[in-house]
Each structure stands twice: as C-alpha cells, then as structure tokens.
Amino acid sequence: MFTFIMTFVVIVSILLILIVLAQNPKGGGLASNFAGSNQIMGVRRTADFLEKATWTLAIALVVLSFLATITMPKPEVEQKSVIESKVKETQPSALPNFPMPTEQTDSVK
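Residues numbered from 1 in each chain as written. Predicted model: local features only at pLDDT ≥ 70, side-chain atom pairs only at ≥ 80, totals over all residues. Heavy atoms only, no water.

To continue, consider the overall build of the protein chain. Helices and strands together make up the secondary structure of the protein chain, namely four helices and zero strands. Starting at the N terminus, the α and β elements of the protein chain follow one another as α-α-α-α. Looking at the 109 residues of the protein chain, the share that counts as buried comes to 13%. In the protein chain, 72% of the contacts between residues at least 6 apart in sequence involve partners at least 24 apart. Put simply, the protein chain shows about 9800 Å² of open surface, and 66% of that area lies on carbon and sulfur atoms. (Helix = DSSP H or I, 4+ residues; strand = E, 2+ residues; numbered from the N terminus. Buried < 20%, exposed > 50% of the residue type's maximum accessible area, 1.4 Å probe, protein only. Contact = heavy atoms within 4.5 Å. Areas by Shrake-Rupley, 256 points an atom, 1.4 Å probe, with all protein chains shown as cover.)

Okay, structure coming up:
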C-alpha cells in the first residue's frame, strides 16, 4: 500500500511541476498562447483550468503525503541509536575517573 501511494505522490508531483511551469507569473503563461478566438478554450478558461488544476494537485499531494505517513511500514524490532547502544555496552571501569577534591587541613596564608 505504501509503495502504491508513493507512486501516486511522484506522479502528482510531476504533474504539479508541469502545471506550475505552464503558468506565467504575470498572468500570461500558457493562456497567452491561445489568444485566438477560434480556440476551443479561451484565454480566461485556460487560466482558470490551470489555477484549478494547481489547487487540486496541491491538495492531492498533501492528502497523499498524510496517507503515506500513516501507511509507512513500522520496524518490527525496536531500533536504538548507536550512541545509546555504545553507552550500555561500556563497562563502568572504562569510564574516565575525575579527580575528587580533597580537603586540605592546612590553610594557605
């Protein structure tokens, strides 16, 4: 299931990249290429379609990301960090000994 969802995430991501690149930041983009009145979709309809497709793909990407997180396979064995395992393996005698302060009976004057 996780692999299936991740495949959809990749496909939606690629489509989202293509839709965003087809848009012009100043409002032209792909829609400006269809300026002729003989076209099936007018300039405004193309811009509306690109905007709706962008929002739909963005929402689909967020939903698929949450689903992928939920269906992610869990490890069967509890994994510990390397540092934690090294600390538990060390012998108490291997730990460094710090000098302890001693009481001096003679006070320095």
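Next comes the rest of the account.
Moving on to the packing of aromatic side chains. Overall, the coordinates contain one aromatic pair when judged by the stated rule. Residues Phe4 and Phe8 carry aromatic rings whose centres are separated by 4.8 Å and whose planes lie at 80° to one another, so their mutual orientation is edge-to-face. Placement of the pair is Phe4 and Phe8 together in helix α1 (residues 2-22), with a separation of four residues, close to one helical turn. Under the relative-accessibility criterion, Phe8 is labelled partly exposed at 37%. (Phe/Tyr/Trp six-rings, centres within 6.5 Å; stacked < 30°, edge-to-face > 60°.)

On the surface, Met1, Phe4, Phe8, Val10, Ile11, Ile14, Leu15 and Leu18 cluster together to form a nonpolar patch covering roughly 810 Å² of accessible area. Mapped onto the fold, Leu18 is located in helix α1. (Patch = residues over 30% accessible without salt bridge, like charges linked within 9 Å, V, L, I, M, F, W, Y side chains within 5 Å. Salt bridge = Lys/Arg side-chain N within 4 Å of Asp/Glu carboxyl O.)

Inspection of the secondary structure puts Val62 in helix α3 (residues 43-70). Spatially, the C-alpha atoms of Val62 and Val9 are 9.0 Å apart, while their sequence positions differ by 53 residues.

In this structure, Ile5, Val9, Val12, Leu16, Ile19, Leu50, Ala53, Leu57, Leu64 and Ala68 together form the largest nonpolar core, which totals 10 residues. Elements with a minimum of two residues in this core: α1 and α3. (Core = buried A, V, L, I, M, F, W, Y, C linked by side-chain atoms within 4.5 Å.)

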